[in-house]
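Tertiary structure, described
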Amino acid sequence: PELTDKLMMDIPSFNVQRLPLSETTSFIRPARLRNLSPDHTLVLINGKRQHRTAGITSAATQAVDLAQIPASAIQRIEVLRDGASAQYGSDAIAGVINLILKRRVGVEGYANMSQYFEGDGTTRQAGLNYGFALPKQGFMNLSLEYTKGDRTSRAIQRPDAAAYVLAFPDRAKYVANPVQPWGQPDRETR
């Protein structure tokens, strides 16, 4: 449902991972072009530089949070890989992603829902785009997007917690199963 997932399906050298239990990277997923560091990719919106997030990954890198850009606002995406650093400098060692926003009059919308085969991680998403003309050749485009994703869990009970429950069966009701969840957290974006 996120823009990063859509880009990953269309751009062969674009990689995004889901990192469970990885602090900020569970929400701000760092994207890589050509398997280089996320901060080596220059992201532009209508040709203007997009700022990186404040979240720093465990590899001490910062990336642009592409998931916060509503997909309903995008008309097309331009990707420049070869020769990007010659045109844009050292910020574009891996390449450039230029997101071109819509400039059309009218209303468009969509809604979708998905779920993993395990029965968890249900995600609901809706988007609306409204473009209208202003006097003197002006233009206004409004995009709204809402996503609600439920958490996933692929964890099994840790051996030390299982041993504790066997040693103290009367305290078993106080030990969560699993003690340490492994998966994606609940998330909601507007």
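The coordinates are above.
Structural notes, computed from the coordinates. Since this is a predicted model, take the numbers as computed values, not measurements. (Residues numbered from 1 in each chain as written. Predicted model: local features only at pLDDT ≥ 70, side-chain atom pairs only at ≥ 80, totals over all residues. Heavy atoms only, no water.)

By the element assignment, Thr 4 lies in helix H1 (residues 3–10). On the basis of relative accessible area, Thr 4 is assigned to the buried category, the value being 2%. Each residue touching Thr 4, except ones within four places of it in the same chain, is listed here: Phe 14, Val 16, Arg 29, Leu 66 and Ala 67. (Helix = DSSP H or I, 4+ residues; strand = E, 2+ residues; numbered from the N terminus. Buried < 20%, exposed > 50% of the residue type's maximum accessible area, 1.4 Å probe, protein only. Contact = heavy atoms within 4.5 Å.)

On to unusual backbone geometry, then. The omega torsion of the bond from Asn 177 to Pro 178 falls at 0°, within 30 degrees of zero and hence cis. Tracing the sequence through the fold places Pro 178 in the loop between helix H3 (159–167) and strand E10 (187–189). Its identity is not glycine, yet Asn 46 carries a phi of approximately 50°, on the positive side. Within the secondary structure, Asn 46 is located in the loop between strand E3 (41–45) and strand E4 (48–49). Judged by relative accessible area, Asn 46 falls into the partly exposed class, the value being 41%.

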